[in-house]
There are 2 protein chains.
Amino acid sequence: MKLNTKSRYAVMALADMSKFPLNNPVSLRDISLRQSISLLYLEQIFFRLKKNDIVKSVRGTNGGYVLKRDPKNIKLSEIFKALDQRVKTVGCKKESKKGCNGKSAKCITHELWDELEIYINNFFENKKLSDLLSTEERIN
Amino acid sequence: MKLNTKSRYAVMALADMSKFPLNNPVSLRDISLRQSISLLYLEQIFFRLKKNDIVKSVRGTNGGYVLKRDPKNIKLSEIFKALDQRVKTVGCKKESKKGCNGKSAKCITHELWDELEIYINNFFENKKLSDLLSTEERIN
DNA sequence: AAATACTTGACTATTTTAGTCGGGTATATA
DNA sequence: TATATACCCGACTAAAATAGTCAAGTATTT
Ligand code: FES
Ligand code: FES
């Protein structure tokens, strides 16, 4: 099980942003420099974040991205979802009645993996962007 | 985050085995047929399981593999470890003081991913092979 | 002797990941 | 109004990981 860079960078970038005053646009260039993430990659990531109502953009000079909501109200699960990054533990299609090998029934371990998936999703569901900030930053 | 087939098949195969009397060798051919997993792939998986003291082998006709311990005492974490399949959520090297981009310090999200890794490993640590068997099978 | 079943390293096709590229458009400021 | 800044967005690609397969065995039972 591995977490991919897209999700990791997305959370990293958003955490970086949330250190600044809410209405102050933060440019991807700055995030790129501070967090050492490729600017072009960030653009791809933020395109998705914007489409999914997590950030909004301000174009032109001194523009950048702004969090659309308070970090307290942004769950990690939303960020993952925005990037199409879901937890996948089973080999079968959820909707289908068939098992992971196309056979008739769900396999003997299906329930276990389902449980694991719910367990992991639970982590993301209960974590908010604000949880990443240290006490001093949170006061700001 | 995705679970790979190696781990999934390993648990599936071991769960299949644990339905049979403990001292009765179960051949990979049978598991392959019952669970629709490639025999050659299973061989690769069981090679590792054997090396890691989870199963032992019985060669020759009517041979097969036998669980080395009671399913009650086989943790999923051991199975994963046997297959070199570890949970990896961070971008940096654990030992190193450096961050995930080779920069000086650990990044702002490092603690979060560490927490996630511990959280997931915890699931595997607390699950045993016996937990996969239904009540009737457990009596057996 | 023959069949069964494990042994073990190497190899390969496919898929996924981690980005890059290119050619835009909108806005602020000098 | 020219220019620089910064977002916009689809398409592309190299590299790594995954999911197996292949080959050439060895040990044991019947
Ligand atoms: S994981 Fe769903 S049937 Fe195997
Ligand atoms: S995840 Fe460890 S430094 Fe970024």
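Residues numbered from 1 in each chain as written. Chains lettered and ligands numbered in written order. Predicted model: local features only at pLDDT ≥ 70, side-chain atom pairs only at ≥ 80, totals over all residues. Heavy atoms only, no water.

Asker: For this particular structure, what's the right way to read the side chain of B:Ser7?
Answerer: In this fold, B:Ser7 is placed in helix α1 (residues 5-17). Given a relative accessible area of 0%, B:Ser7 falls into the buried group. Those residues within four positions of B:Ser7 in sequence are excluded, and the remaining contacts are A:Trp113, B:Phe80, B:Leu83 and B:Gln85. (Helix = DSSP H or I, 4+ residues; strand = E, 2+ residues; numbered from the N terminus. Buried < 20%, exposed > 50% of the residue type's maximum accessible area, 1.4 Å probe, protein only. Contact = heavy atoms within 4.5 Å.)

Asker: Whenever I open this one, the protein's contact with DNA strand C confuses me. Can you help?
Answerer: Close to DNA strand C lie 28 residues, the nearest being A:Ser38, A:Gln44, A:Arg59, B:Lys50 and B:Tyr65. Within 4 Å of the protein, the atoms of DNA strand C are drawn from sugar and phosphate moieties in a proportion of 66%. In this structure, a phosphate oxygen belonging to DNA strand C sits 3.4 Å away from a side-chain N or O atom of A:Asn62. Within the backbone of B:Gly60, a nitrogen or oxygen atom sits 3.3 Å from a sugar or linking oxygen of DNA strand C. Elements represented by at least two residues in the surface near DNA strand C include exactly α1 (5-17) and α3 (39-51) of chain A together with α2 (28-35), α3 (39-51), β1 (55-58) and β2 (64-67) of chain B. By residue number, the principal contributor to the surface near DNA strand C is α3(B), which donates four residues. (Near = heavy atom within 4 Å. Polar contact = N/O pair within 3.5 Å; in protein donor to acceptor, adjacent residues only side chain to side chain.)

Asker: For this particular structure, what's the right way to read the packing of helix α2 (residues 28-35) of chain A against α3(A)?
Answerer: Any two packed helices are characterised by the angle at which their axes cross and by the distance between the axes. Residues and elements named next belong to chain A. Packing of α2 against α3 leaves a shortest axis separation of 9 Å and a crossing angle of 125 degrees. Comparing the axis directions of α2 and α3 gives the class oblique. Considering the relative orientation of α2 and α3, their crossing is right-handed. Along the contact surface, α2 presents Leu28, Arg29, Ile31 and Ser32, while α3 presents Leu39, Leu42, Glu43 and Phe46. Counted by class, the contact of α2 with α3 contains five nonpolar, one polar and two charged residues. (Axes fitted to C-alpha atoms, helices over the stretch in contact; angles between N-to-C directions. Parallel < 35°, antiparallel > 145°, perpendicular 65-115°, else oblique. Left-handed = near helix turned anticlockwise from the far one by under 90°. Nonpolar A, V, L, I, M, F, W, Y, C, P; charged D, E, K, R; others polar.)

Asker: Help me understand the nonpolar core in this model?
Answerer: Proteins that are soluble and globular tend to have nonpolar side chains buried together. Judged by nonpolar contacts, the single largest core of 80 residues is most densely connected at A:Phe46, A:Ile79, B:Phe46 and B:Ile79. Leaving out residues up to four positions away in the same chain, B:Phe46 has contacts with B:Ala13, B:Leu14, B:Met17, B:Leu28, B:Ile31, B:Val55 and B:Tyr65. (Core = buried A, V, L, I, M, F, W, Y, C linked by side-chain atoms within 4.5 Å.)

Asker: Quick question: what am I supposed to make of the interface of chain A and chain B here?
Answerer: Where the parts come together, the accessible area they lose is often given as the size of the interface. Taken together, the 39 residues of chain A in the interface contact 39 residues of chain B. When chain A packs against chain B, the two sides together hide about 3,600 Å² of surface, and 68% of this comes from carbon and sulfur. B:Glu115 is the partner of A:Lys127 in a salt bridge, and the nearest nitrogen-oxygen pair spans 3.0 Å. Linking chain A to chain B there are nine residue pairs in polar contact (both at pLDDT 80 or more). (Buried area = accessible area lost by both parts, 1.4 Å probe. Salt bridge = Lys/Arg side-chain N within 4 Å of Asp/Glu carboxyl O.)

Asker: Which parts of the structure should I look at to understand α2(B)?
Answerer: In an α-helix, one turn spans 3.6 residues; hence positions three or four apart end up facing the same way. Residue and element names in this part refer to chain B. Leu28, Ile31, Ser32 and Gln35 are the residues of α2 that are buried. Around the axis of α2, the buried residues are gathered within 100 degrees of arc, so they sit on the same side. α2 presents Arg29 and Leu33 as exposed residues on the side facing more than 90 degrees away from its buried surface. Structurally, α2 contributes buried residues whose contacts are with α1, α3 and β2. Backbone geometry just after α2 places serine 36 at a positive phi near 55 degrees. (Arc of directions from axis to C-beta.)

Asker: Looking at this structure, how should I read the relation of the copies chain A and chain B?
Answerer: Relating the two copies of this chain is a rotation about some axis coupled with a shift parallel to it. The two copies are related by a screw motion: chain A maps onto chain B through a turn of 180 degrees and a shift of 0.0 Å along the axis, at an RMSD of 0.0 Å. These values place the two chain copies in the arrangement generated by a two-fold rotation axis. Ranked by how close their C-alpha atoms come to the rotation axis, the residues of chain A are headed by A:Met1, at 2.9 Å. Comparing interface residues between copies, 100% of those in chain A also lie at the interface in chain B; the contact surface is shared. (Least-squares fit on C-alpha atoms with pLDDT ≥ 70 in both.)

Asker: Which parts of the structure should I look at to understand the protein's contact with DNA strand D?
Answerer: Around DNA strand D, the surrounding shell holds 29 residues, and the nearest of these are A:Lys50, A:Ser57, A:Tyr65, B:Ser38 and B:Arg59. Of all atoms in DNA strand D that approach within 4 Å of the protein, 66% are sugar or phosphate atoms. Between DNA strand D and the protein, one listed contact pairs a phosphate oxygen with a backbone N or O atom of A:Leu28 at 3.3 Å. Contact distances for DNA strand D include 2.4 Å between a phosphate oxygen and a side-chain N or O atom of A:Lys50. Of all elements in the fold, only α2, α3, β1 (55-58) and β2 (64-67) of chain A together with α1 and α3 of chain B reach the threshold of two or more residues within the surface near DNA strand D. Here the surface near DNA strand D gets four residues from one element, more than from any other, and that element is α3(A). Class assignment of the residues belonging to the surface near DNA strand D gives a composition of eight nonpolar, 15 polar and six charged.

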